[in-house]
Amino acid sequence: MFESLGFENLTAPEAAAYAGLILGALFGALAQITRFCFRRAIVGDDRRQAAGVWLAALALAILGTQFMVINGLIGFDDHRFMVTELPVAAIAAGGLLFGAGMVLTRGCVSRLSVLTGSGNLRALLVLVVFATTAHATLKGVLAPLRTALGSYTVALESAALPGAGPILAVVLATVLLAYATRSGARATHLVLAGLIGLIAASGWAVTGYVLYDDFDPIALESLSFTSPAAETLFWGIASSSIAPTFGAGLLGGVIAGAAVSALIRGEFQWQSFETPRQTGRYMTGAVLMGVGGVLAGGCTVGAGLSGVPTLSIAAVLALLSIAAGGWITGRLLSASASEAGGSTTTPPLQPAE
């Protein structure tokens, strides 16, 4: 497909970086408007509305992704989400760690990327620490932990959810949309969330079909933030020796798109840490997310919004583990605040996003 587009001055990997930039900018702008955030859907004061927005995006991502699979445009048979030796220990542990981290930092990595574009310096520092920790877990000093946990696997006959893909996709999307429309979320936010879901599906289409090149292959990927954060960090410090990737373009696009949206809407505001204790809490959360995102095979967007539409058991397990980790941590923080005489619903040291 890529050869037929006539891009004489671009290779497929270079085109992928630009595609990531464009898709990221669109995601960043829409996520900034809708306050798209998985953490809010789990422990936020407006969790029902936030869940409606998030699930609306997931529903459209499922429909869009499976439409392309059914029509033979893309396939996930050889993708890492479809390995039949399921690393259950790594996914479960990683998901719990990531979920705990996103509550401590008041946002998963996608939300923090958007907040960075809106002027939040707390989020920016968390992203740097997250990327460093993720890279250390992928290829550095923490790699032995990843290897050890990844060795505990369960053999599956099929790595996909049971049932016929088309039917399962329609059923899941119908249930999710039914919840979303009854969640109390704004109709405009639900529509924009649907567009976010289609952006996730478009990521698979761009890397798996539009830019497919037998002679210069690129990875099949879509919206995600764990590997892209590590790739962006490495590219940023060694750009003279390595080329930017789809992930690097994506992360940069998200921050830029969110910044433009925030400036247009008058919501750009510089923010930073207020106390040393708050700084320590955010840094702890960043480390937990960095390790957890790698072990789980993705974040709330990589394993969730992009991964679940592949109908992968691994992706579903990762998302459920993240949700469990977030819920447990939220409960523990609420209990701690209650014992200290604070609010029973809001964890301590949580400034406004």
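The sections below set out a description of the structure shown in this document. Every chain is numbered on its own, with residues counted from 1 as its sequence reads. This being a predicted model, a pLDDT of at least 70 is required before a residue's local features are given, and a value of 80 or more before pairs of side-chain atoms are given or counted; all residues contribute to the totals for chains, interfaces and linings. Computation of side-chain values: all heavy atoms of the structure, hydrogens and water removed.

Looking only at helices and strands, the protein has 14 helices and two strands in total. What the globule rule says is 2.2 Å times the number of residues to the power 0.38, and the radius of gyration is computed from C-alpha atoms. In terms of overall size, the protein behaves like a compact globule, its C-alpha atoms giving a radius of gyration of 19 Å where 353 residues would be expected to give roughly 20 Å. Long-range contacts, defined here as pairs at least 24 residues apart, represent 81% of the contacts in the protein between residues at least 6 apart. The sign given to each residue is positive for Lys and Arg and negative for Asp and Glu; His and the chain ends receive no count. Throughout, a charge is located at the NZ atom of Lys, the CZ atom of Arg, the CG atom of Asp or the CD atom of Glu. One way to put it: in the protein the 17 positive side-chain charges average out to a point 19 Å from where the 18 negative ones average out. Secondary structure elements are taken from DSSP: a helix is a run of H or I of four residues or more, a strand is a run of E of two residues or more, and numbering for both begins at the N terminus. Note on contacts: a residue pair qualifies if any of its non-hydrogen atoms lie within 4.5 Å across the two residues.

All right, on to the environment of G249 then. Relative to the helices and strands, G249 is located in helix 11 (residues 246–264). Placed 202 residues apart in sequence, G249 and R47 show a C-alpha to C-alpha distance of 31 Å. Excluding anything up to four places from it in sequence, G249 contacts A17, G20 and L21.

Following both chains from N to C, one finds helix 6 (residues 121–139) and helix 12 (residues 276–296) inclined at 35°, their axes separated by 8 Å at the closest point. Pair helix 6 / helix 12 crosses with right-handed handedness. For the pair helix 6 and helix 12, contact is made by R122, L125, V126, V129, F130, T133, A134, T137 and L138 and by Q278, Y282, M283, A286, V287, M289, G290, V291 and V294, respectively. Only C-alpha atoms enter the line fits that serve as axes; for helices the fit covers just the stretch in contact. Angles between N-to-C directions range over 0 to 180 degrees. In this scheme the handedness of a crossing depends on how the near helix is turned from the far one: anticlockwise by less than a right angle means left-handed, clockwise means right-handed.

You can see P309 is positioned in the loop between helix 13 (300–305) and helix 14 (313–339). Separated by 289 residues in sequence, P309 and G20 have C-alpha atoms that sit 19 Å apart. P309 has contacts with L58, A61, I62, T65, Q66 and G304, leaving out every residue within four places of it along the chain.

This part is about the nonpolar core. With 76 residues, the main nonpolar core has F27, F36, F98, M102 and L305 as its most contacted residues. Not counting chain neighbours up to four residues away, the residues in contact with L305 comprise F27, F36, W54, A57, L58, A61, I196, A200, L223 and T300. To qualify as a nonpolar core, a set must consist of buried Ala, Val, Leu, Ile, Met, Phe, Trp, Tyr and Cys residues joined through side-chain atoms within 4.5 Å. Per-residue accessibility, obtained with a 1.4 Å probe over protein chains only, is compared with the maximum for each type, and a residue is labelled buried under 20%, exposed over 50%, and partly exposed between these values. Judged by nonpolar contacts, the second largest core, of six residues, contains L86, A303, A314 and A318.

So, on to the packing of helix 4 (residues 88–104) against helix 14. Where helix 4 contacts helix 14, the axes come no closer than 6 Å and their chain directions differ by 40°. With respect to each other, helix 4 and helix 14 are oriented oblique. Considering the relative orientation of helix 4 and helix 14, their crossing is right-handed. Counted together, V88, I91, A92, G95, L96, F98, G99, A100, M102, V103 and L104 of helix 4 and A314, L317, A318, S321, I322, A324, G325, G326, T329, G330 and L333 of helix 14 form the full contact between these two elements. Considering only residue class, the contact of helix 4 with helix 14 consists of 15 nonpolar, seven polar and no charged. Between 65 and 115 degrees an angle is taken as roughly perpendicular, under 35 as roughly parallel, over 145 as roughly antiparallel, and anywhere else as oblique. Charged residues are taken to be Asp, Glu, Lys and Arg, nonpolar residues to be Ala, Val, Leu, Ile, Met, Phe, Trp, Tyr, Cys and Pro, and polar residues to be all remaining types, Gly included.

Here we come to helix 4. One less than the residue count of a helix, multiplied by 1.5 Å, gives the span that helix is expected to have. Over its 17 residues, helix 4 runs 24 Å from end to end, which matches the ideal 24 Å to within 8%, given 1.5 Å per residue. A positive backbone phi angle near 60° is found at R106, which sits one or two residues after helix 4.

Here the focus is helix 14. Taking 1.5 Å per residue, 27 residues should reach 39 Å; helix 14 reaches 39 Å between its end C-alpha atoms and fits that length. The residue sitting at the N-terminus of helix 14 and contributing the capping side-chain oxygen is S312; that oxygen lies 3.2 Å from the backbone nitrogen of A314. Between N or O atoms, a polar contact is any pair within 3.5 Å; within protein, one atom must be a potential hydrogen donor and the other a potential acceptor, and residues adjacent in sequence are included only when both atoms are from side chains.

A few words now on the pattern of salt bridges. By definition here, a salt bridge exists when the distance from a side-chain nitrogen of Lys or Arg to a carboxyl oxygen of Asp or Glu is within 4 Å. Scanning the entire structure with this criterion turns up two salt bridges. Here R40 ties to D46 by a salt bridge, and the two come within 2.3 Å at their closest N and O atoms. Under the relative-accessibility criterion, D46 is labelled partly exposed at 25%.

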